[in-house]
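Single-letter residue listing:
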Amino acid sequence: MRGLLASVRFALVAAGQNFTRNLAVSLAGVFTMGLIMLLVGGTLLLTHTVDAILAQQETQADEIHIYLQDSLSMRTIADYELRFSHDSRVNGVAFTSKDQAVVAAQQRGLQLQPAINTLGTNPLPASIDLHVRTLGDLSQLNTVAKALPIVDTSSGSATDYSPGVIPRLQSVITVTVWVGSALSVVLAVISLVIIMNTIRTAVYIRRTEIEIMKLVGAGDWFVRWPFILEGVFGGVLAAAIGATAVAVAYRFVLSQANTQAFLGVTFDGRYLTAMVLLLLAFGAVLGGFGSFLGVRRFLHA
Amino acid sequence: MSLAAVMPPQVGQKPDPGMRPVISFHGVSKTYPNGTEAIRDVDLAIYQGDFCFVVGASGSGKTTLVRLLIREEVASTGRIFVDGQETTRMTRRRLPKLRRKFGIVFQDYKLLTKLTVAQNVAFALQVTKPGQRHLKEKVEETLWIVGLEDKLDTFPDELSGGEQQRVAIARALVHRPRIFLADEPTGNLDPDTSWGIVQLLLQINHRGTTVLMATHNREIVDLCRRRVIAIDSGRVVRDEVEGGYLREGEATI
Ligand SMILES: Nc1ncnc2c1ncn2[C@@H]1O[C@H](COP(=O)(O)OP(=O)(O)OP(=O)(O)O)[C@@H](O)[C@H]1O
Ligand SMILES: [Mg+2]
């Protein structure tokens, strides 16, 4: 127990010395690796966000919202609702008022209050929402709806029907996953090389010490641990830098996307936490393994 | 404080004939990668409690012999045994345990310039027996033995060559090794200090530690009348129980 504590202390002190004696090289390594972690984390979050948008689109796929002009009377709206409810292709009709639209948007994570405050009015239109029996009828119903005199054409689209969006998103995801995975593998290899070289420099600085340690009979692991710890420490530090940058960017981009583009993407704190932990573990493993490879050649020489 | 307090208990002075050697070489040769044949077909047996001088001209292979013993170098052919274990076939994993049996004074000292005298001596214990109790006392006792008790916090660069050599001796002694290997431990010392070092090694030996000392110092070898192993171009050319630096009647240069 005493021996273990003493060994751990020895390794920690030596690892700290390695890092600081070699500060410029260590920091350069850490920042490069931090950048790599940022790219890996960014790819993960991007994939996840596109995934979330897709999932949201899919749940809305059997619905079509017909946006209404602001000036319509409740009577007119009720007439159209009735007409649609007799349509055999439709199995549900609902009405969403302008205020309800805001509530619904807010439930999807959109921050509308700032926009409403600036505009002075609520920019969201009311809508008649049709639930269809089969997805294939959506396009026909869309054509019918767009021709109605009650639709709001001011915002560019009379309905939220967009047939191409799902396949498009799916291909975006496939590409992101592929590019992201390939990039991550390449970046992980680059990280390993950077770590190995940083550790080699540290080993070189300590070569006399290591030689004496080996000759007086210190075990291999005793020689290795300081360097492995240095690598793990550097890797975790790099991951922390990368993860912080990703988290800040994620928050910023989402808030921009939601207020400027009305994209209904929610901030996923749990995924972000999981991703940060994953990056930290990834950094620790890469750092430790890179150092192991870095000292190995020297130890066996 | 007396030497007896810090030395291992005394064992039998002379080995009885049936005793197993603590070190033995069987037809050992060492050829370095560049083709230099540093050791050629050496057979040796060294017993617990022996005090041996290894003498020979510069380049005759003394240091190589020491390196083979601690397996810093691997023999090209032949077998070496230490404590009955064949070190020539030992796995890397078991090297630390082998090396801890030895106390080694390297010809070039190998002191760490960034550490103080006391830290240099402590280092050997810290990396082989982490968490060792009474570390400070052990280090100070050992430095007292070599007469450096007033240089504890000095750095090696601030010491004379002889003082550095004594730090190296203290570092080799601090873990109370069974076998003490000294490669030219008096190389840089004046006759008086050299003699002091040899007295010290004799005392250590008297307490049961096997001592192997490679040296050029003719006066010391002739005065001690101990076992002398003479090497020439990697071969053992003489092995006498109570020898001199040169063969009896050999011409003095
Ligand atoms: N690492 C090495 N690679 C190649 N040749 C070596 C190496 N080390 C020593 N030699 C050669 O091996 C021979 C024996 O060297 P060694 O160092 O054992 O001699 P020595 O007896 O200790 O000499 P000295 O008294 O000068 O210390 C020499 O010819 C030397 O040049
Ligand atoms: Mg030599």
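The rules behind each value
- Residues numbered from 1 in each chain as written.
- Chains lettered and ligands numbered in written order.
- Predicted model: local features only at pLDDT ≥ 70, side-chain atom pairs only at ≥ 80, totals over all residues.
- Heavy atoms only, no water.
- Near = heavy atom within 4 Å.
- Polar contact = N/O pair within 3.5 Å; in protein donor to acceptor, adjacent residues only side chain to side chain.
- Areas by Shrake-Rupley, 256 points an atom, 1.4 Å probe, with all protein chains shown as cover.
- Helix = DSSP H or I, 4+ residues; strand = E, 2+ residues; numbered from the N terminus.
- Expected span 1.5 Å × (residues − 1).
- Buried < 20%, exposed > 50% of the residue type's maximum accessible area, 1.4 Å probe, protein only.
- Arc of directions from axis to C-beta.
- Salt bridge = Lys/Arg side-chain N within 4 Å of Asp/Glu carboxyl O.
- Domains from an automatic or database assignment.
- Phe/Tyr/Trp six-rings, centres within 6.5 Å; stacked < 30°, edge-to-face > 60°.
- Lys NZ or Arg CZ within 6 Å of the ring centre and 35° of its normal.

A.B. asks: Would you mind showing me how to read the site of ligand 1 here?
C.D. replies: Residues and elements named next belong to chain B. Residues in close proximity to ligand 1 total 16 residues, the closest being Ser58, Lys62, Thr63, Thr64 and Gln107. In this structure, an oxygen atom belonging to ligand 1 sits 2.8 Å away from a main-chain N or O atom of glycine 59. About the coverage of ligand 1: the protein hides 68% of its 640 Å² of free accessible area. Considering every element that reaches the shell around ligand 1, the biggest residue donor is helix α2 (residues 62-69), with four residues.

A.B. asks: Would you mind showing me how to read helix α1 (residues 2-21) of chain A here?
C.D. replies: Three- or four-residue spacings in an α-helix give side chains the same orientation, since the helix completes a turn every 3.6 residues. Residue and element names in this part refer to chain A. Look at α1: 28 Å from first C-alpha to last across 20 residues, which is about the 28 Å you get at 1.5 Å a residue. Residues of α1 that are buried: Ser7, Phe10, Ala11, Ala14, Ala15, Asn18 and Phe19. Axial view of α1: buried residues confined to an arc of 160°, hence all on one face. Pointing more than 90 degrees away from the buried face of α1 are the exposed residues Leu5, Arg9 and Thr20.

A.B. asks: Please clarify how the pattern of salt bridges should be interpreted in this entry.
C.D. replies: A pair can form between side chains of opposite charge whenever their charged atoms are brought close. Residues and elements named next belong to chain B. For the structure on display, the rule yields 20 salt bridges over all chains. A salt bridge links lysine 101 to aspartate 83, with the shortest nitrogen-to-oxygen separation between them at 3.4 Å. Within this pair, whereas lysine 101 is found in the loop between α3 (95-99) and β6 (102-105), its partner aspartate 83 is found in the loop between β4 (77-82) and β5 (85-86), the two being separated by 18 residues in sequence. On the basis of relative accessibility, which here comes to 22%, the residue aspartate 83 falls in the partly exposed class.

A.B. asks: Even after reading the chapter, I still don't get the domain arrangement of chain A, so can you show me in this structure?
C.D. replies: Size of an interface, as often reported, equals the accessible area lost when the parts are brought together. Domain assignment breaks chain A into domain 1 (2-57 + 166-299) and domain 2 (69-151). Taking the mean C-alpha position of each, domain 1 of chain A and domain 2 of chain A sit 48 Å from one another.

A.B. asks: Would you take a moment to explain the packing of aromatic side chains for this structure?
C.D. replies: Where two aromatic rings form a pair, the distance of their centres and the angle of their planes describe that pair. For the structure on display, the rule yields six aromatic pairs over all chains. Ring geometry for phenylalanine 10 of chain A against phenylalanine 123 of chain B: centres 6.5 Å apart, planes inclined by 45°, an arrangement best described as tilted. Of the two residues, phenylalanine 10 of chain A is situated in helix α1 and phenylalanine 123 of chain B in helix α4 (residues 117-128); the pairing between them involves two chains. Residue classification places phenylalanine 10 of chain A among the buried positions, given a relative accessible area of 18%. Assessed through its relative accessible area of 4%, phenylalanine 123 of chain B is described here as buried. One cation-aromatic arrangement involves arginine 224 of chain A over tryptophan 221 of chain A; the distance from NZ or CZ to the ring centre is 4.5 Å.

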